[in-house]
Amino acid sequence: MRKRIFILLIILMSLSLIGIISIQAYYINESVKNEKAHFKFIVETALNYVSNIIGENEIETAFKNVQKLEKEKSLDSANVSQLLVYRKNNNTNETLIYKSNVLEENYKLSSSLFDIGLDSLEITNIIGNSSTEIYTDFGPSDKDLKSPITNIIRSGSIDEAQRISFEKNYKAISKRTPIHKRVSEGEIRKLLSEKLEKDGVDIDFELAIYSNDLATKVSSDNFEYRPNSTFKVPIFYDENRQTPYRLLVNFPDDKRFVLSGVIGMILLSVIFTLIIILAYTSAILQLVKQRKISQIKSDFINNMTHEFKTPIATINLALDAIKNPKIIGDESKVLRYLNMIKDENKRMHAQVENVLRISKLEKNELNISKERVKLHDLIEDAITHVELIVEDRQGYIKTFLNAEKSSVLANDTHFTNVIVNILDNAVKYSPNTPEIEVYTENVGTNIVLKIKDHGSGMSKAVAKRVFEKFYREHTGNIHNVKGHGLGLAYVKRIVEDHQGHISVESEKDKGSTFIIKLPLIS
């Protein structure tokens, strides 16, 4: 995959994911806002209902008390108003006379009935009387009146007029009464609880009545005024529809209640969003990994091709030389070229075997039989495989085998290959004369093997990945050190198969130290 296409694909996927998350966040936010608005509507409706009911109950109770005391009234004054309507119908020769009388009686009642702190309360009793009379052959004077053909008489107390008059007067004087004598916190709580529960809001609340923004005695114990979350409505209007009182309510758990309405949707959105994020992250990681693997495999093929080209070219040159009539008769030269062919063939065979060993290890198909061996013996054997190369470069391998116990359970062939691989790398990555030290020591029930070189070393980033399959450090020219990135991967798998542990300590241009820890056997 081309780099531009790869980057474009990641950008598009990232934008899509951001868009999905943004849309989810928007809808969740809108849902929460709608729940808050619904909750606010329910609470304000309930508060208005309670405010109206309390005011109406106060008036109703006082009015009923007045009606019960009508027999105890003392007349203060009385006014009579009369309405007379006279209408004649010439077609039917009928005359209609409508009479209406209103008697307005004023009384004074003791103020102790209402506990308002005044001497007395003026009460108006309004009584109405009306009659409708229809006459025929109505004469020019009253003496010509005959008995009416229709006579309708109505009389009695006018309740609605009385109530309106009472309500206006009562509101005018009751506003002087202390608020805690007009209503209690328990009465408000009961009415408000019933209304809220009916509307589906069943959570605790705190309430209070404030007068001109100052607290009154009507308040619950834990009420705390919070400007941004306290609901308020007017209560106890006077005769001019004015009031200094406000009924205030706040809900300590209002946020939890609001969220409870949308928590299911929020959880599902979060879960699905996390799944999308995980899937997206996994896809990106897989793409990056596949791209790296593709690059590593490309490097591996290039390295393998380079590794095979040299021995193949050497074999071809050796065969061409043997075919030469001047050479074929020289037995010593023929043997020399044949040995070259044999060595290069072994070299290619070893590389193929290395690849196959890694493949079998990955599939757990490599059968590694173990037996009791001395690690010191394996070290000495491995050194013999590379000492000629080291000596040819005027280098050295020094051993400091200080471990008193070195018996381990291991496969001598594979573990010897492990040590050879590390020593071979120490030689390859020593630009100057290879200087290698090998140490052993006992630590508890383990034996620790350290192989130290003074070569080019590696950075910390490279040291973390040096045991990965196919990984090789890029130094501009990938063929400056021959190899295909399988040696240390093989080493790590073999050491782990022996219940051991391998690590590396390295510093750029100062060399590396490979540390292997294996369990001892008694």
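Below: a short report on this structure.

Cut-offs and rules
- Residues numbered from 1 in each chain as written.
- Predicted model: local features only at pLDDT ≥ 70, side-chain atom pairs only at ≥ 80, totals over all residues.
- Heavy atoms only, no water.
- Helix = DSSP H or I, 4+ residues; strand = E, 2+ residues; numbered from the N terminus.
- Buried < 20%, exposed > 50% of the residue type's maximum accessible area, 1.4 Å probe, protein only.
- Contact = heavy atoms within 4.5 Å.
- Areas by Shrake-Rupley, 256 points an atom, 1.4 Å probe, with all protein chains shown as cover.
- Patch = residues over 30% accessible without salt bridge, like charges linked within 9 Å, V, L, I, M, F, W, Y side chains within 5 Å.
- Salt bridge = Lys/Arg side-chain N within 4 Å of Asp/Glu carboxyl O.
- Lys, Arg positive; Asp, Glu negative; His and termini not counted.
- Charge placed at Lys NZ, Arg CZ, Asp CG, Glu CD.
- Pairing = 2+ DSSP bridges.
- Core = buried A, V, L, I, M, F, W, Y, C linked by side-chain atoms within 4.5 Å.
- Axes fitted to C-alpha atoms, helices over the stretch in contact; angles between N-to-C directions.
- Left-handed = near helix turned anticlockwise from the far one by under 90°.
- Nonpolar A, V, L, I, M, F, W, Y, C, P; charged D, E, K, R; others polar.
- Expected span 1.5 Å × (residues − 1).
- Polar contact = N/O pair within 3.5 Å; in protein donor to acceptor, adjacent residues only side chain to side chain.
- Parallel < 35°, antiparallel > 145°, perpendicular 65-115°, else oblique.
- Phe/Tyr/Trp six-rings, centres within 6.5 Å; stacked < 30°, edge-to-face > 60°.
- Lys NZ or Arg CZ within 6 Å of the ring centre and 35° of its normal.

A word on the overall build of the protein chain. Each helix and strand counted, the protein chain has eleven helices and 15 strands in total. Here the protein chain, with 522 residues, has 37% of them falling under the buried criterion. Sequence separation of 24 or more characterises 69% of the internal contacts of the protein chain that already satisfy a separation of 6 or more. Summing over all exposed atoms, the protein chain offers an accessible surface of approximately 32000 Å²; the carbon and sulfur share of this is 52%.

A few words on a negative patch on the surface. Taken together, Glu194, Glu197, Asp202, Asp204 and Asp253 make up a surface patch of like negative charges. Topologically, glutamate 194 is positioned in helix 3 (residues 185-198).

Moving on, we come to the pairing of strand 8 (residues 245-250). In summary, the side chains of a regular strand alternate between the two faces of the sheet. The buried fraction of strand 8 amounts to five of the six residues, a majority that puts the element mostly inside the structure. Judged from the six bridges that link them, strand 5 (residues 206-211) and strand 8 form a sheet pairing that is antiparallel. Across the sheet, tyrosine 210 pairs through a bridge with arginine 246, a residue of strand 8. Note: strand 7 (residues 231-234) against strand 8, four bridges, orientation antiparallel. Considered in strand 8, the bridge of phenylalanine 231 is made with valine 249.

Looking at where serine 430 falls in the secondary structure, it is placed in the loop between helix 9 (412-428) and strand 12 (435-443). Setting aside its immediate chain neighbours within four residues, serine 430 contacts Arg393, Asp453 and Gly455.

A few words on the nonpolar core. With 42 residues, the main nonpolar core has Leu375, Phe415, Ile419, Leu423 and Ile516 as its most contacted residues. With eight residues, the top contributor of residues to this core is helix 9. Judged by nonpolar contacts, the second largest core, of 33 residues, contains Val43, Ile188, Leu247 and Ile266.

For the rest of this paragraph, the subject is the environment of glutamate 387. The topology assignment puts glutamate 387 in helix 8 (residues 375-392). In this structure glutamate 387 comes out as partly exposed when scored by relative accessible area, which is 31%. In this structure the C-alpha to C-alpha distance between glutamate 387 and leucine 423, which are 36 residues apart in sequence, comes to 9.5 Å.

For the pair helix 9 and helix 11 (residues 487-497), interaxial distance at closest approach is 9 Å and the crossing angle is 145°. Once helix 9 is placed against helix 11, the crossing between them reads as left-handed. Where helix 9 approaches helix 11, its residues His414, Phe415, Asn417, Val418, Asn421, Ile422 and Asn425 are matched on the opposing element by Gly487, Leu488, Tyr490, Val491, Ile494 and Val495. The class makeup of the residues in the contact of helix 9 with helix 11 is eight nonpolar, five polar and no charged.

Turning to the pattern of salt bridges, a few remarks are in order. A complete count under the given rule lists nine salt bridges for this structure. A salt bridge links lysine 33 to glutamate 30; its shortest N-O distance comes to 4.0 Å. Taken together, the residues lysine 33 and glutamate 30, both in helix 1 (residues 3-68) and three residues apart, mark about one turn of the helix. Since its relative accessible area comes to 46%, lysine 33 is described here as partly exposed. Put simply, lysine 370 and aspartate 497 hold a salt bridge, and the shortest N to O gap is 3.2 Å. Note that lysine 370 is positioned in the loop between helix 7 (331-362) and strand 9 (371-374) and aspartate 497 in helix 11, a separation of 127 residues in sequence.

With 17 residues, helix 9 should cover 24 Å at 1.5 Å per step; its first-to-last C-alpha distance of 24 Å lies within 8% of that length. Here helix 9 lies mainly inside the structure; twelve of its 17 residues are buried. Where helix 9 is concerned, the buried positions are His414, Phe415, Thr416, Val418, Ile419, Val420, Asn421, Ile422, Leu423, Asn425, Ala426 and Val427. With a side-chain oxygen positioned 3.1 Å from the backbone nitrogen of threonine 413, the residue opening helix 9 is asparagine 411.

Here the focus is the sheet that holds strand 13 (residues 446-453). Taken in spatial order, the five strands line up as 10-12-13-15-14 in an open sheet, and their pairing is mixed. Taken across any chain shown, the strands that pair with only one partner, and hence form the sheet edges, are strand 10 (396-401) and strand 14 (501-507). The mean angle between the axes of side-by-side strands here comes to 15°, regardless of whether they run parallel or antiparallel. The strands touched by helix 11 within the sheet are strand 14 and strand 15 (511-519), with strand 14 carrying the most contacts at an inclination of about 140°.

Time to look at the side chain of threonine 416. Inspection of the secondary structure assignment puts threonine 416 in helix 9. The residues touching threonine 416, leaving out its near neighbours within four places in the chain, are Leu378, Asp381 and Ala382.

A word on the environment of valine 183. Among the secondary structure elements, valine 183 is positioned in the loop between helix 2 (159-174) and helix 3. In this structure the C-alpha to C-alpha distance between valine 183 and isoleucine 54, which are 129 residues apart in sequence, comes to 7.8 Å. Beyond its immediate chain neighbours, meaning those up to four positions away, valine 183 contacts Ile54, Ile188, Ile209, Val218 and Phe236.

Glancing now at the sheet that holds strand 8. In spatial order, the strands read 6-5-8-7; together these four strands make up an open sheet with antiparallel pairing. Of all the strands in the sheet, just strand 6 (214-219) and strand 7 have a single pairing partner and so form its edges. Taken over all neighbouring pairs, the strand axes of this sheet differ in orientation by 30° on average, direction set aside. Seen against the sheet, helix 3 touches strand 5, strand 6 and strand 8 and runs at an angle of roughly 125° to strand 5.

We now examine the packing of helix 8 against helix 9. Here helix 8 crosses helix 9 at 40°, and the two axes come no closer than 9 Å. When the axis of helix 8 is compared with that of helix 9, the two are oblique. Crossing angle aside, the handedness with which helix 8 passes helix 9 is right-handed. Listed contacts from helix 9 to Leu375, Leu378, Ile379, Asp381, Ala382, Ile383, His385, Val386, Ile389 and Val390 of helix 8 are Asp412, Phe415, Thr416, Ile419, Val420, Leu423, Asp424 and Val427. Among the residues forming the contact of helix 8 with helix 9, the class breakdown is 13 nonpolar, two polar and three charged.

Applying the stated rule across the entire model yields ten aromatic pairs. The interplanar angle of 70° and the centroid separation of 6.0 Å between the aromatic rings of phenylalanine 39 and phenylalanine 231 together place this pair among those described as edge-to-face. Highlighted residues: phenylalanine 39 in helix 1 and phenylalanine 231 in strand 7, separated in sequence by 192 residues. Across the pair, exposure class does not vary: phenylalanine 39 and phenylalanine 231 are buried alike. Here the guanidinium or amino end of arginine 182 rests over the ring plane of phenylalanine 236, the centre of that ring lying 4.1 Å away. Here the basic side chain of arginine 189 rests over the ring of phenylalanine 205, its NZ or CZ set 4.9 Å away from the ring centre.

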